[in-house]
Each structure stands twice: as C-alpha cells, then as structure tokens.
Amino acid sequence: MQSTDLGNKESGKLWHRKPSPAARDGIIVNIIHSSSDHLPKVLRFLNVAFDSSGDCLIAGDHQGNIYVFDLYGNRFNLVQRTAQACTALAFNLRRKSEFLVALADYSIKCFDSVTKELVSWMRGHESSVFSISVHASGRYAITTSSDTAQLWDLDTFQRKRKLNILQSVGIQKVFFLPLSNTILSCFKDNSIFAWECDTLSCKYQLPAPPESSSVLYKVFAVTRDGRILAAGGKSNHLHLWCLEAKQLFRIIQMPTKVRAIRHLEFLPDSFDAGSNQVLGVLSQDGIMRFVNIQTCKLLFEIGSLDEGISSSVISPHGRYIASIMENGSLNIYSVQALTQEINKPPPPLVKVIEDLPKSKLNSGGLKMKVTSGRVQRPAKSRENKIQARILKQDLTGNFENKENEASDGLNKKRLQILLKGYGEYPTKYRMFIWRSLLQLPENHTAFSSLVDKGVHVAFLNLQKKYPIKSRKLLRVLQRTLSALAHWSAIFSDTPYLPLLAFPFVKLFQNNQLICFEVVATLIINWCQHWFEYFPNPPINILSLIENVLAFHDKELLQHFIDHDITSQLYAWPLLETVFSEVLTREEWLKLFDNVFSNHPSFLLMTVVAYNTCSRAPLLNCSLRDDFEYFFHHRNNLDISVVIREVYHLMDTTPTDIHPNDKLDAFVALTKGQYPVFNQYPKFIVDYQTQERERIRNDELDFLRERQMVEDMQAEVDQQRVEDEAWYQKQELLRKAEETRREMLLQEEEKMAQQRQRLASVKRELRAKEMHLQDATRRRFLKLQQDQCEMELRRLNDEIERKVHMRDQEIATTAKDLEMRHLELESQKRLYEKNLIRNQEAVAKEMREDSDTYRRKVDLEEHMFHKLIEAGQTQNQKTQKWEEAKEKDFHLKSEKKASALSDASRKWFLEKELDDALEHAEHPYNTVPRCQSGQAASGYVPRTSQLKDSSEVDSSTHISLNQRRVQWDTMEQDLMERVRNLRQRLTAQARNRCRTPHLLAT
C-alpha cells in the first residue's frame, strides 16, 4: 500500500510507482494531510465526492482546504481554501469543472476547479447542510439540513422551492432518484414521499413498514435504475423497497456484530443495466460489508476494527471506493482487486484428465474420462475395441462441443434452451453472458495502442454530423470509431459505422474496451461480406435477404417491386443501424440476446421476419416516403413475435437459399492482438484513399487559390469600397462645408441677435443692480440706525442701571450716615460721661492732693512749729502764703485747660455733624463718606483718645503745664487725621462719580 502526504503542497503526484492493490485490502493509495507547523498534526478529511466520469474526486478537510484528485492522470491539486469546515460536497454538475461545497456558516458556494474562482454564493439555510443531491441533468440541486430542504436552479443559482416541515418531525434526507425527475423525501417519522420535480406534486407515499421489523430509518440508497430503495438505521435489519410496486419486498438481517447502520450505497456494475445487486453497508464498528441483495451473501468487506471507516463514496462506474477513515486519512480502494476472487468464472462442467505417458499406458492399458460430473470406471484391455469406438464418437463431436462451449465455461446449448424458454437473458447477467458468448479476449494492451493513436481525422468533426447531447457519450463514440479506423482503414470511410456502433457505445459507455471488442466481433461475424461492394451497400447480402423474402412472402416482395422499393430501402436501413432506430432499448436487448446466441445468419433472417411480421402496414403503403419513414422509425410490433418468426424462418428456409451456408461460423477475436481485417476490396479503398487524398490536395489547392482570389477580390473590393468611401467622404465634406457655412451665417445672425438681447439684458441687469445697490444702501443705513438705536437703548439701560445703583448707594450712604450719626451721638454721650467722670476723678484727686498737701503742710507747720517755735514764725507765715498762692494758681490753670479742652471737643463734634448733613443733602458737591473699612484706616475712636487723656489726667505726678501741652498735641493729631480722612473720601468719591458724568456729557 502506497501512502501520500499532501503537506503544504498545492499540487503533485498521488503515487510514484504504478499501484498494485492486493486482493486482501484492495487499497490503491492512502492519502493523509499533515500540517507543516513545528508540531505537525493531521488535518482530518470530512467529505468526499466523485464526478460523473468516476476518475476524479474532490475532498475537503476540517480547515476548509479542498483538493481535486485525478486518479486517471495521477495528480492532485489544491483548488480552494474556504477557511472553514465543509459539511457536504457535490462534483457532478452540468459544468464539469464546477463543484458545490456546503460550509459551516450554513452557506453553499460554487467554485470552479480550473480557474479556482468563486462562481456563486447561495444562502438560505439556518442550520448545517449535510446533504447535496444533484439532478441527473446537472441543472438542479437539493440541499438538505435538519429543518428544511431547498431546491436550487444551478443555471441561475436561485432558489426555486423550499420544503418547510414541523420542527417535531425533522428531515433525514431529500434526494433525486437517478435518471428520473422524481424527488424522494425521507423524514424522521419513517414517512417517505415521492414528488415530481417540475410541478412538485406528490406522486406517492410508501406505506409504513411492518411493526415486527420496525426500524427508524436514518440512511438510504437507491439503485441506478431507481427501482429499489434500501433503508437502514439503529438495527441490523435492512429494508428493501420496490418503488415501482411501492411495497417492502425484502428484509435482510445483517450479522449480529452489526448493531447500527451508518451508511448505505449500491456498487454499480457495467453489465447490470442499472439494477445494482451489491449493496455496501457501513456499520458502527467502522467496517463496510458488501452483500448481494438477491443471494444475501457477504461478498467482501473493507476497513477493520483498528482502522475503521467514517464514510465512503463509490465512483459512478464502480471502479473505485473512496473512504474517509476514522483517523482522518483518505483511502482509495480498487473494486477490481476486491472482487478478483468473486469474478472468477465458474469451473467447467466437463473436466478431462490428461493421458498418462505411453510407458504407463502400455503397462496399464487404461483410459478414463469425466463428463457431467460422472466418472467412468477404467475398462479392461480386452475391451479396447469398444472403448476406441466410444472415443471416436467423442472426437467427431469435438468441434460441435467446442462451438457450444463458451470461454467462461457456459454451455451455449443450455443458454439457447434458457433463451427459448424465457425469451431473453436475465438483466443481471446479460452483459456477462454476452461477454461469454462473444468470447471477448479483453486485449488491454492492443486496445490501448489503438486509443493512443488519438482521434482519427475522419471523425474529428463527428459532432457536426451526429449532434449528441451527452458529451461523454460523444467522446466515447469518437474514441471507439477512431480505434476501429486505426484497426482497419475501411472503417474510416464507412458512412454507416457510427449508426452501427452507437447502440453498443451507449450500452458500454463505461467500459470502452468491451465496447470496441463487441463492435469488432459484430463486424467480423455478423457483418460478413458487407464490404465486398464497398462503397455501395452489400448487394450480395441484400440478395440473400430478398431470396428468403421471395420464398416466404412473394406477395410482399411483389408489392415492393410494384412500388419500386428495393432491398436497399426495406433491408439495408435495418442492417446498418442494427435495428436501433425501430426498436426500444428493451426490445433491442432482447433481440440481440438471440442474435449473439445463434449463427450470424440469424441477423439476416431477422430482417426478413421484421418485414413479414409488418406485412399488413407495408401492403397499405404506396408512397416511397411512407416506406422510408416506416424503416427509420419505431412501429407497433411485438419483438417476441418477430423472434419466433426468425426461428421459424431458420428452420423452414431451404438450404440452397439459406444464408447459413453462405456465412461462416462464429469466430472470436484472437488473444493478445486483434486479427487483421481486410475483407474488402483493397484496391477500391486504396483508390478511394488516393482519390480522397488527391481530392483533398486538389481541394487544398483550390482552397488556397480560392483564398488567394478571395484575398485579391477582397483587396479589390476593399479598394473599391475605400475609393467609394473617399468620394462619398469628399461629397459629404463638401456638403458638410456648405452646411457648416450656412450654419455659420445663421449662427452669426443668431449671435448678433443674441448680442442685442445681451445688451438689453445687461442694461436691465445694470438697472437692477443699481436698484439693488440703492436698496442695499438703504438697508445698510437702516441697519446702522437700528444698531445706533440698539446702542442708545443699551446705554439708556446702562444709565438707568447706574442711576439705580447710585440711588441704592445714596440710600445705603444715608443709612450709613444715620448709623454714623447715632454712633457719634453715642460717642458724644460716652465722651461727656467719661469727661464728667474724669472731672470728678480730677476733682477728687485734687481734693486728695489738697488734703494730702494740707496734711503735709499741717505736719510741716506742726514740725516747723515744734522745731522753730521761736524766732521763725514770721518766715513760716510768708512761706505758707506763697505756697497757697501757688496752689491756687495751679487750680485755676487746670480749670481753664479743662474748659478749653471741652470747648475744642464740642466744636469738633459739631463740625463733623455739619459735614455729614451737608454731604447727605449735596452728594455731588461734597465728598461722600467712604466705606467703613477705609474710614477706619485713618480715624481713631474718641474713646481711645479720651482714655489716653484720662490716663494723662490721672497722673498725679505731671504738672498742669505738661498736661496742657499733651492736650494741645492730641488736638493737633486729631485735626490732622480728620483732614487726611476728608482727602481720602473726596478722592474716592471723584473716582466713583466719573462714569455718570461722562454718560451725562
């Protein structure tokens, strides 16, 4: 087993040596994708899908990397990085390079694998899409999520319909039936409905399964012919439904180790005509078992408990199986390797034991033969004569036995008996029986050498003559015809070869080798002597048919002769198309079951039988067009009746006109290399080839000359056209010049008129401008006047506000003056009270001083009298008188100073009151009183002065002169402070009243 790691490569080879898968596992290659980080990890593949050819598949991992793997070309390519995990893939659209991918954000995108560009982006789902089903035509697609299914038109990428369901029911799967317009919808409640794709009308509903084997369906699979539906779920039971009869016809029980079924898919076969018989069943243990639904036998299995399978997809032609393993890798299996043991032909019924060497024969003298499973006992030597007679009979029938014995061990006689009993071979085994009857050698190397020569030049433009809708079918037909032309030159010039080979190409389009060998075998055996009169129809073969028709139905032949209808009209169209134009597919297959099982003359007898069985409508035809239409279109004819008539003709036709003697027996193709086919007039073909080559050369010369003439004629015509164009251009230029001159004159007149209108318009505009300027000037003046008025109003408001503030200040000042007046009155009363108190204290002090002095004087006098009692009486009296005078003077001086001080204080208080009253009555002529804080800065309260004066007066040791000087100093200081206060108040009043004076001015 080869393993390939994609790594960070965007392209490369899948394998580096030719894969040779073993029969035990059948793995061609194991593909893994590991990241290139410093800690590498495996990127798991999630989904895989094949294209319609089956040789190319697409896979996506959980990081959104999508790869295309070409198994035929041994290449892989990274085609897209979606940056999110893909949940479903589909790769079989109408445009082969496009594919659909459902992403984790619930959207569906369409990409081109060649250009790697985004084609379309479809949205509409609200949950993850887990299934994409594409119609057989590739035009429509159905995307399914758990809550809805949507039908898309892939031509416009628009949503056509949406299937809404109840949330409690849920969708299991919605998909197209193969090769039909039927949509099958399967729900979680086991209900299954079939819908018509075009009208979306319900066609039918399958009945509920029996309760004895009720399974909740989760997975489904349908055969390619759309007849059988397989369903399974969490059980080991498989239900097989017949969709034609709409009933459950079989229940298959899987082995006990199978507890749940995760995936179902039928294995296609090129020879079962779509009625697939092998079903792949993937169970919960990761093993996919392939069983035959007819025999219920396990054929083979893939996967194991150690390397389990997560999901699998089978290619359309049934050659490959792509499985995503549980470890995230991708395995590609070869079905041919897995079925190598199953497809071995059965052992022959007759087995011969080879003779012993002569020495042993002579010693024993015995022979032994095994036939039909019975062993003949060895005979004694005395019976050698009888034994020899028996062996001789066997030898005479040896050729017949060889003819009746197919290469795979199938007995032709028994097949003919089976064919006569049932009328046709079983559909399931038809292709296998055909291969056995025709003894196809399957020369792969020889066929590959023919195919490698490419498309023959005779069939390069085949699609123009035969426009086939299917490009794949056209490609296979082109390859088959090219291989036949390379095999023998006659087939490159055979005009009816595409008609002859087309039904076989359509039948074997998935196996081109078998298709080629079937057509080659048909040409060698059933087309004998067809090319002897080439390029004309085979007159000799048509004469044989006409002779047989003349013997069995003279009236019909005479009718043909009467209406000038030859065998080239009633026989040759049937032969060159091998009845494909007049029979349906089933009728044609039934006919060739009999053709391949009989002598090559059977095909010629079929032409006669077809005419004799259709004698009634043919006898009613009289026009040539009616006959042509009859032998080129299907007719209401039972093919079984025709076949019985053929066998009747084979048995009743005389030997002298029977084609059996004119045609050789069946000869199979040789092994290894194909036989040389030269049963045609070689000189005619060579002559035609030479003539065709000469004609081709002449045609090429003619084409070259014609091309030269055409080129010259084209140049002449071009020159003539150019000359005519030049003259026409000159004429047009002259006319254009005249037209332009007239237009210029008209334009000048228009310009003059426009200038006049423009001048008048300018005058009007100037007048309007002046009017607008005047209006603007008036508006500006008005605006200025309004601004002045607004300024005046603002100034008036300011003056009123200032006046109001002045009134408030005057009122405040008046209140302050009143408070000041009250304060002065209180200070005056306090001063008078202090003065009286001081006077009383002074008087008391003076009295005390006088008393003290008197006591002192008395004491002195007493002492004086005591000391000088004698003689000093007169001196004491004089001294006492002087002292009395002095004391009296002092008392008078003190009284006078006190009176002056009182008068001075009274005058000062009266002056202060007069100034305050005058300021209240005339605020602008006098200096207003300043704030209390400012006045206080230069004013000393009288109480303190009085206190100081009282303290001065209270001193008993200061003389009256000193006191008088102190009082004068105090008065001067007080007057100076008053002057300073007045100056300060006047300056502040002037500063505050400057603005109102300016406004008034």
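Residues numbered from 1 in each chain as written. Predicted model: local features only at pLDDT ≥ 70, side-chain atom pairs only at ≥ 80, totals over all residues. Heavy atoms only, no water.

With respect to the overall build of the chain
Then, number 1: Along its length, the chain carries 27 helices and 32 strands.
Then, number 2: Considering only contacts within the chain whose residues lie at least 6 apart along the sequence, 56% involve residues at least 24 apart.
Then, number 3: Accessible area for the chain stands at about 58300 Å²; split by element, carbon and sulfur atoms hold 53% of it. (Helix = DSSP H or I, 4+ residues; strand = E, 2+ residues; numbered from the N terminus. Contact = heavy atoms within 4.5 Å. Areas by Shrake-Rupley, 256 points an atom, 1.4 Å probe, with all protein chains shown as cover.)

Structural notes on the sheet that holds strand S6 (residues 65-70)
Then, number 1: Spatially, S2-S7-S6-S5-S4 is the arrangement adopted by the 5 strands of the open sheet, whose pairing is antiparallel. The sheet is open, and its two edges are formed by strand S2 (11-12) and strand S4 (45-50), each paired on a single side.
Then, number 2: Note that S6 and strand S7 (residues 75-81) share 6 bridges and pair antiparallel. Across the sheet, Ile66 pairs through a bridge with Gln80, a residue of S7. (Pairing = 2+ DSSP bridges.)

Considering the sheet that holds strand S11 (residues 118-122)
Then, number 1: Pairing is antiparallel across the open sheet formed by 4 strands, whose spatial order is S8-S9-S10-S11. The two strands at the open ends of the sheet, each matched to only one other strand, are strand S8 (86-90) and S11. Between one strand axis and the next, the sheet turns through 20° on average, direction left out of account.
Then, number 2: Taken together, the 4 bridges between S8 and strand S9 (residues 98-103) define a ladder with antiparallel strand orientation. Following the sheet pairing, Leu89 is matched in S9 by Val101. (Axes fitted to C-alpha atoms, helices over the stretch in contact; angles between N-to-C directions.)

Side note on unusual backbone geometry
Then, number 1: Positive phi is not limited to glycine here, since Glu442 has a value of about 55°.
Then, number 2: Within the secondary structure layout, Glu442 lies in the loop between helix H6 (430-438) and helix H7 (444-451).
Then, number 3: Residue classification places Glu442 among the partly exposed residues on the basis of a relative accessible area of 27%.
Then, number 4: With a phi angle near 65°, Phe579 is a residue other than glycine that sits in the positive phi range. (Buried < 20%, exposed > 50% of the residue type's maximum accessible area, 1.4 Å probe, protein only.)

Remarks on the pairing of strand S24 (residues 261-267)
Then, number 1: Taken across its 7 residues, S24 has 5 buried, putting it largely inside the fold.
Then, number 2: Pairing of S24 with strand S25 (residues 278-283) involves 6 bridges; the strand directions are antiparallel. When the bridges of S25 are listed, Leu267 appears paired with Val278.

Examining the pairing of strand S21 (residues 228-233)
Then, number 1: Extensive coverage of S21 is indicated by the burial of 6 of its 6 residues.
Then, number 2: Note: strand S20 (residues 217-222) against S21, 5 bridges, orientation antiparallel. What sits directly across from Phe220, in S21, is Ala231.
Then, number 3: Taking the residues between adjacent antiparallel strands as the criterion, S20 and S21 are bridged by 5 residues, where Gly226 takes a positive phi near 70°.
Then, number 4: If you look at the hairpin formed by S21 and strand S22 (residues 237-242), you'll find 3 residues sitting between the two strands.

Here's the deal with the packing of aromatic side chains
Then, number 1: For the structure on display, the rule yields 38 aromatic pairs.
Then, number 2: Their ring planes at 15° and their centres at 4.5 Å tell us that Phe290 and Phe300 sit as a pair that is stacked. Taken together, the positions of Phe290 in strand S26 (residues 288-292) and Phe300 in strand S27 (residues 298-302) put the pair 10 residues apart, joining distant regions of the chain. Both residues of the pair, Phe290 and Phe300, belong to the buried class.
Then, number 3: Ring centres 6.1 Å apart and planes at 65° place the aromatic pair Phe579 and Tyr610 in the edge-to-face group. Taken together, the residues Phe579 in the loop between helix H15 (572-576) and helix H16 (585-596) and Tyr610 in helix H17 (residues 601-613) connect sequence positions 31 residues apart. Both residues of the pair, Phe579 and Tyr610, belong to the buried class.
Then, number 4: Following the ring pairs from residue to residue traces out a cluster consisting of Phe447, Trp487, Phe491, Tyr496, Phe516, Trp530, Phe531, Trp572, Tyr674 and Phe677.
Then, number 5: Lys173 extends its terminal NZ or CZ atom over the ring of Phe175, reaching a point 5.2 Å from the ring centre.
Then, number 6: Over the aromatic face of Tyr204 sits the side chain of Lys246, whose NZ or CZ is 4.7 Å from the ring centroid. (Phe/Tyr/Trp six-rings, centres within 6.5 Å; stacked < 30°, edge-to-face > 60°. Lys NZ or Arg CZ within 6 Å of the ring centre and 35° of its normal.)

Thoughts on the confidence of the model for the chain
Then, number 1: On average, residues of the chain score 80 in pLDDT, and 82% of them reach the 70 mark or higher.
Then, number 2: Predicted confidence is poor over residues 923-958, with pLDDT under 50, and the contacts of this stretch with residues over four places away or in other chains come to 63 contacts.
Then, number 3: The model gives residues 995-1001 a pLDDT under 50, and that stretch makes 3 contacts with residues more than four places away or in other chains. (pLDDT = per-residue confidence, 0-100.)

Comments concerning the packing of helix H9 (residues 471-487) against helix H10 (residues 497-507)
Then, number 1: Following both chains from N to C, one finds H9 and H10 inclined at 125°, their axes separated by 10 Å at the closest point. The orientation of H9 relative to H10 falls into the category oblique. Handedness of the crossing formed by H9 with H10: right-handed. When H9 is examined against H10, the residues Leu473, Val476, Leu477, Thr480, Leu481 and Leu484 are found in contact with a partner set consisting of Leu497, Pro498, Ala501, Phe502, Val505 and Lys506.
Then, number 2: A class-by-class count of the residues in the contact of H9 with H10 yields 10 nonpolar, 1 polar and 1 charged. (Parallel < 35°, antiparallel > 145°, perpendicular 65-115°, else oblique. Left-handed = near helix turned anticlockwise from the far one by under 90°. Nonpolar A, V, L, I, M, F, W, Y, C, P; charged D, E, K, R; others polar.)

Focus: the packing of helix H11 (residues 512-526) against H16
Then, number 1: One can describe the packing of H11 onto H16 by two numbers: an axis separation of 13 Å at closest approach and a directional angle of 55°. Taken together, H11 and H16 sit at an angle that is classed as oblique. As H11 packs across H16, the resulting crossing turns out to be left-handed. Only Phe592, Val595 and Phe596 of H16 make contact with H11, whose side of the interface consists of Val518, Leu522 and Trp526.
Then, number 2: Counted by class, the contact of H11 with H16 contains 6 nonpolar, no polar and no charged residues.

Quick look at a positive patch on the surface
Then, number 1: Where like charges cluster on the molecular surface, the positive patch consists of Lys96, Arg471, Arg475 and Arg479.
Then, number 2: A relative accessible area of 37% places Arg479 in the partly exposed class. (Patch = residues over 30% accessible without salt bridge, like charges linked within 9 Å, V, L, I, M, F, W, Y side chains within 5 Å. Salt bridge = Lys/Arg side-chain N within 4 Å of Asp/Glu carboxyl O. Lys, Arg positive; Asp, Glu negative; His and termini not counted. Charge placed at Lys NZ, Arg CZ, Asp CG, Glu CD.)

Digging into a nonpolar patch on the surface
Then, number 1: A cluster of nonpolar residues, Val455, Val457 and Leu460, forms a patch on the protein surface that exposes about 250 Å² of accessible area.
Then, number 2: With respect to the helices and strands, the residue Val455 is situated in the loop between H7 and helix H8 (462-465).

Considerations on the environment of Asn461
Then, number 1: Examined against the element boundaries, Asn461 turns out to sit in the loop between H7 and H8.
Then, number 2: Sequence separation between Asn461 and Gln478 is 17 residues; the distance between their C-alpha atoms is 9.4 Å.

A closer look at the pattern of salt bridges
Then, number 1: Applying the stated criterion across every chain, the model contains 31 salt bridges.
Then, number 2: When the shortest N-O distance is used, the salt bridge between Asp285 and Arg289 registers 3.0 Å. Of the two residues, Asp285 and Arg289, neither departs from the other in class, the shared state being buried.

Topic: the environment of Glu196
Then, number 1: Along the chain, Glu196 falls in strand S18 (residues 192-196).
Then, number 2: A residue is classified by how much of its surface remains accessible, and Glu196, at 21% relative accessible area, is partly exposed.
Then, number 3: On a C-alpha basis, the gap between Glu196 and Ile183 in space is 6.3 Å, while along the polypeptide they are 13 residues apart.

Some thoughts on helix H13 (residues 554-562)
Then, number 1: Listed in full, the buried residues belonging to H13 are Leu556, Leu557, His559 and Phe560. Looking straight down H13, one finds that the buried residues subtend no more than 155° of arc, so they occupy a single side. In this structure, H13 carries Lys554, Glu555 and Asp562 as exposed residues pointing more than 90 degrees from its buried face.
Then, number 2: Buried residues belonging to H13 abut helix H12 (539-552), helix H14 (567-570), H17, helix H18 (615-619) and helix H19 (624-630).
Then, number 3: Phi for Asp564, located one or two positions after H13, is positive at around 55°. (Arc of directions from axis to C-beta.)

Here's the deal with H12
Then, number 1: Counted at 1.5 Å a residue, the expected span for H12 with its 14 residues is 20 Å, and the 20 Å between its end C-alpha atoms agrees.
Then, number 2: Where H12 is concerned, the buried positions are Asn540, Ile541, Leu542, Leu544, Ile545, Val548 and Leu549. (Expected span 1.5 Å × (residues − 1).)

Side note on the side chain of Ser235
Then, number 1: Mapped onto the elements of the fold, Ser235 is located in the loop between S21 and S22.
Then, number 2: Take Ser235: its relative accessible area is 16%, and that puts it in the buried class.
Then, number 3: Non-local contacts of Ser235, meaning those with residues more than four positions away in its chain, are made with Val215, Arg259, Ala260 and Ile261.

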